[in-house]
Amino acid sequence: MSNQLTRRDFAIRTAGFGLAMTLAPAATLAEAEQASRSETSPPVADPYSLVDPELLPALKQFPASFDLSAETVRQFRQMPGTPPLPAPAPQPVERHIPGPSGAPEVRLWVVDPAPSEKGKPLLLHMHGGGFMMTGPGWMPLLQEIAMDCHCVVVSVDYRLAPETRYPGALEDNYAALKWVHAHAAELGIDRSRIAVGGESAGGTHAASLAIHARERNKEDVPICFQLLIYPALDDRTGSSDPAAPAVGHFMWTASANRFAWSSLLGVPAGSSKVPVAAVPARVASVAGLPPAWIGVGALDLFVEEDMEYARRLVHAGVATELLVVRGAFHGFDILVPDAEVSKQFGASWKSALRKAFATSS
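Model, not experiment: these values are computed from the prediction.

Cut-off values and rules
- Residues numbered from 1 in each chain as written.
- Predicted model: local features only at pLDDT ≥ 70, side-chain atom pairs only at ≥ 80, totals over all residues.
- Heavy atoms only, no water.
- Helix = DSSP H or I, 4+ residues; strand = E, 2+ residues; numbered from the N terminus.
- Buried < 20%, exposed > 50% of the residue type's maximum accessible area, 1.4 Å probe, protein only.
- Areas by Shrake-Rupley, 256 points an atom, 1.4 Å probe, with all protein chains shown as cover.
- Pairing = 2+ DSSP bridges.
- Expected span 1.5 Å × (residues − 1).
- Axes fitted to C-alpha atoms, helices over the stretch in contact; angles between N-to-C directions.
- Contact = heavy atoms within 4.5 Å.
- Salt bridge = Lys/Arg side-chain N within 4 Å of Asp/Glu carboxyl O.
- Core = buried A, V, L, I, M, F, W, Y, C linked by side-chain atoms within 4.5 Å.
- Phe/Tyr/Trp six-rings, centres within 6.5 Å; stacked < 30°, edge-to-face > 60°.
- Lys NZ or Arg CZ within 6 Å of the ring centre and 35° of its normal.
- Disulfide = S-S within 2.5 Å.
- Polar contact = N/O pair within 3.5 Å; in protein donor to acceptor, adjacent residues only side chain to side chain.

Trainee: For this particular structure, what's the right way to read the overall build of the protein?
Mentor: When helices and strands are counted, the protein shows twelve helices and eight strands. Within the span of the protein, comprising 361 residues, buried residues form 58% of the whole. When the accessible surface of the protein is totalled, it reaches about 14100 Å², and 56% of it is carbon and sulfur.

Trainee: Is there a simple way to think about the pairing of strand E4 (residues 152-157) in this case?
Mentor: Regular strands place side chains that alternate from one sheet face to the opposite one. Among the six residues of E4, five are classified as buried, and the element is accordingly described as predominantly covered. Note: strand E2 (residues 106-111) against E4, five bridges, orientation antiparallel. By the bridge assignment for E4, Arg-107 is matched with Asp-157. Strand direction decides the pairing type here: strand E3 (residues 120-126) and E4, joined by five bridges, are parallel.

Trainee: So what exactly am I meant to see when it comes to helix H8 (residues 201-215) here?
Mentor: The α-helix advances 3.6 residues per turn, and as a result positions three or four apart in sequence lie on the same side. The first and last C-alpha atoms of H8 sit 21 Å apart over 15 residues, in line with the 21 Å expected at 1.5 Å per residue. Burial of H8 is extensive: 13 of the 15 residues sit out of reach of the surface.

Trainee: Sorry if this is basic, but what is going on with the sheet that holds strand E1 (residues 93-97) here?
Mentor: Think of a sheet as strands paired side by side through backbone hydrogen bonds, with each pair either parallel or antiparallel. Read from one edge to the other, the open sheet built from eight strands follows the order E1-E2-E4-E3-E5-E6-E7-E8, with strand pairing classed as mixed. A single partner strand is all that each edge strand has here, and the edge strands are E1 and strand E8 (320-325). Taking the axes of each pair of neighbouring strands and ignoring which way they run, one obtains an average angle of 20 degrees across the sheet. Sheet topology note: the strand E5 (residues 189-199)/strand E6 (residues 225-229) ladder contains five bridges and is parallel. Counted as the bridge partner of Gly-197 is Leu-227 from E6. Set on the sheet, helix H10 (residues 303-315) makes contact with E6, strand E7 (292-297) and E8; between it and E7 the angle comes to about 160 degrees.

Trainee: Would you mind going over helix H5 (residues 138-149) with me for this structure?
Mentor: Compared with an ideal rise of 1.5 Å per residue, which puts twelve residues at 16 Å, H5 spans 17 Å between its outermost C-alpha atoms and is within 8% of the ideal. Most of H5 is tucked away: ten of the twelve residues are buried. Those residues of H5 that sit buried are Trp-138, Met-139, Pro-140, Leu-141, Leu-142, Gln-143, Glu-144, Ile-145, Ala-146 and Cys-149. Taken from the residues just after H5, His-150 is the one with a positive phi, measuring 45 degrees.

Trainee: Would you explain the pattern of salt bridges in this entry?
Mentor: Any two side chains of opposite charge can pair if their charged atoms end up close together. Counted by the stated rule, this structure contains 15 salt bridges. Close ionic contact of Glu-308 with Arg-311 constitutes a salt bridge, the shortest N to O distance being 2.8 Å. One end of the pair, Glu-308, and the other, Arg-311, are both in helix H10, three residues apart, so they sit about a helical turn from each other. Take Glu-308: its relative accessible area is 35%, and that puts it in the partly exposed class. Classification of Arg-311 by relative accessible area gives partly exposed; the value is 46%. Through salt bridges with shared partners, a single network forms among Glu-94, Arg-107 and Asp-157.

Trainee: Looking at this structure, I do not really get the pairing of E5. What am I missing?
Mentor: Burial analysis of E5 places eight of its eleven residues in the buried class, the great majority of the element. As judged from the six bridges shared by E3 and E5, these two strands associate in the parallel manner. Bridge pairing in E5 places Lys-120 opposite Ile-189.

Trainee: Explain the nonpolar core to me, please; I cannot follow it from the model alone.
Mentor: In terms of nonpolar packing, the biggest core is built from 69 residues, with Leu-55, Phe-225, Phe-329 and Leu-353 touching the most fellow members. Apart from residues lying up to four places away in sequence, Phe-225 is in contact with Ile-194, Ala-195, Val-196, Pro-290, Pro-291, Ala-292, Trp-293, Ala-352, Leu-353 and Ala-356. Core analysis: the second largest hydrophobic core is formed by 43 residues, Val-110, Leu-209, Ala-213 and Val-318 among them.

Trainee: Sorry, what's going on with the packing of aromatic side chains here?
Mentor: By convention here, two paired aromatic rings are described through the distance between centres and the angle between planes. One pass over the full model with this rule turns up six aromatic pairs. The structure contains a cluster of three or more aromatic residues connected by ring pairs, namely Tyr-230, Trp-293, Phe-332 and Phe-345. One cation-aromatic arrangement involves Lys-60 over Tyr-48; the distance from NZ or CZ to the ring centre is 5.1 Å. The lysine or arginine in question, Lys-350, covers the ring of Trp-349, its NZ or CZ lying 5.5 Å from the ring centre.

Trainee: Teacher, can you tell me more about the state of the cysteines here?
Mentor: As used here, a disulfide is simply a covalent bond connecting the sulfur atoms of two cysteines. Under the counting rule described, the total for this entry stands at zero disulfides. Cys-149 supplies the cysteine sulfur nearest to Cys-151, a cysteine that is in no disulfide, at a spacing of 5.3 Å.

Trainee: Whenever I open this one, the side chain of Arg-193 confuses me. Can you help?
Mentor: Its place among the elements puts Arg-193 in strand E5. Of the residues examined, Arg-193 reaches a relative accessible area of 14% and is grouped as buried. A polar contact of 3.5 Å, which involves the side chain of Arg-193, links it to the backbone oxygen of Phe-357.

In structure tokens form, the structure reads like this:
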């Protein structure tokens, strides 16, 4: 199976983390617009008119809206994952490491493109899935990164919401960061070239991990780079901060965002009860964080919060690259990997990651 087919299968079965296969195809654009009218005004007359033409045919195969709920999450979790790409692609190796104090072990997946080499860079990866799920295309993505960026990839199978609330997943991810630092010789990696990254909710976790590592800098676990692929950075988007009329119509909506963040936090998203440290956008200062690449579609629900986070990083003197893709929605590169905008997007973040590794040694 080719990598492109695997990634498209991922998108078809998850609808960009939207669980489209678990839903009746009765949802219509009119229903989506009606829901949005209660949150944002005025609605865009035809959101499809804003979509990149290459992305449009695949997008129209899916419901315009969906209801993310405990039941759809349960159904999604029962779906089988896509198997790893066959050799000669490097094969994922399962590892179990001590978890946070009083918590279970943390499962990791390690993909090493060159086991005999020493001094390699490493990406500590956190998967997407709305804080509550694991994408079935997880393994092929890890293999792709390892091969294209010639780095070890260690992906954290962190505990999921709502069974585990904040800070459980963060603690799992931090345990993994400390483990890769402590086991650098065994992994054949260079401690000075450890990046963190992820897509969607994984980008959220990566940004939170970078902040957490900064706060605990006495433990000396430096991070050289943040790779934030359309990350969710602000629980207030779509709740106390209404979404802009042109964004969030496809794949990940304001209602889904509220449900996901509330499930992670254990309190209503956008409320005064949200702990500041749990949400990257709420943290008072971003000074001293690692350099970052942030990429997002112009139609993604997260576009404004991602741009604002990039602005804050730049203002704080953090080297930052921001890419906003015209006509692109959440998960567009997974849904239509052959589109020109998808190829440019992937090339940009891979180039940024390779450059970060090259300049951090």
